[in-house]
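# Coordinate analysis (summary)
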Amino acid sequence: MVTLWSAAPDKIWLREALAQAEEAQAADEVPIGAIILGPDKMIVARGQNRVIRDHDPTAHAEIVALRAAGIALKNYRLEQCTLYATLEPCAMCAGAMIHARIGRLVFGAFDPKAGAVGSVLSVLNHPQLNRQVEVSGGILAEECGDILRRFFQSRR
C-alpha cells in the first residue's frame, strides 16, 4: 500500500532527485532522478537515467543510485536508507530495492504504464515477501510528472 502524504523534508529531498532528472534530460536521457539518504539522513548516492550513455538497459536512476550507495556504505544492505525517486519505480528497480533491503521509498509521479509500486504491479510489499518497505508516493507529483511530459512532448 502506498501512503499519500506530504512532508516538508521529503519535498526537499525529492527536489534533489529532480535536479538529477534535469541533468539526465540535459544529457538527452529520459529525465528521471534518484537520491539515497543514509542512516545519518545525508545523501550517500545520486542517480539519474544513464541507459543511453552507458548502453545499459539496467541503468535506471534508482539502480545507478543503489549501486553508488552500496559502494559508499561498503554494504549491499541498505536497510536504514531512504530512496527518493521522481517516478514510481518499475519492476526491475522495485526488485533491486527488495534485494538491497531499502528501508523506505519516496517517489513523485505515479507511472500508470509501468509502475511496480501499485499502479500496474505491486512488487514492493507483496504479501508473500518476507520484507516490507515503507512507501510514500505522490510527493511533488505535479513537478515530477511535468518534467517527463515536457521531455516526451519535445520528442513528438
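Everything below is about the structure shown above.
The text that follows walks through the structure, step by step, so that each part is easy to find. (Residues numbered from 1 in each chain as written. Predicted model: local features only at pLDDT ≥ 70, side-chain atom pairs only at ≥ 80, totals over all residues. Heavy atoms only, no water.)

## Digging into the packing of helix H1 (residues 8-26) against helix H5 (residues 141-155)
Their axes nearest at 10 Å, the elements H1 and H5 cross at an angle of 10°. Considering the angle they form, H1 stands roughly parallel to H5. Together, Leu14, Arg15, Leu18, Ala21, Glu22 and Gln25 of H1 and Glu143, Cys144, Ile147 and Phe151 of H5 make up the contact between the two elements. Residues belonging to the contact of H1 with H5 are distributed by class as follows: 6 nonpolar, 1 polar and 3 charged. (Axes fitted to C-alpha atoms, helices over the stretch in contact; angles between N-to-C directions. Helix = DSSP H or I, 4+ residues; strand = E, 2+ residues; numbered from the N terminus. Parallel < 35°, antiparallel > 145°, perpendicular 65-115°, else oblique. Contact = heavy atoms within 4.5 Å. Nonpolar A, V, L, I, M, F, W, Y, C, P; charged D, E, K, R; others polar.)

## Description of the side chain of Thr82
Take Thr82: it is sitting in strand E3 (residues 82-87). Among the residues examined, Thr82 registers a relative accessible area of 8% and is labelled buried. Thr82 has contacts with Ile35, Ile36, Leu37, Arg104 and Val106, leaving out every residue within four places of it along the chain. (Buried < 20%, exposed > 50% of the residue type's maximum accessible area, 1.4 Å probe, protein only.)

## A few points about the packing of helix H3 (residues 61-73) against helix H4 (residues 91-100)
The interhelical angle for the contact between H3 and H4, taken along N-to-C directions, is 20°, at an axis separation of 9 Å. Taken together, the axis directions place H3 and H4 in an arrangement best described as roughly parallel. In this structure, H3 meets H4 at a crossing whose hand is left-handed. For the pair formed by H3 and H4, the contact residues are Glu62, Ile63 and Leu66 on the first element and Met92, Cys93, Ala96, Met97 and Ala100 on the second. Of the residues contributing to the contact of H3 with H4, the split by class is 7 nonpolar, no polar and 1 charged. (Left-handed = near helix turned anticlockwise from the far one by under 90°.)

Distances and angles like these do not, on their own, reveal function.
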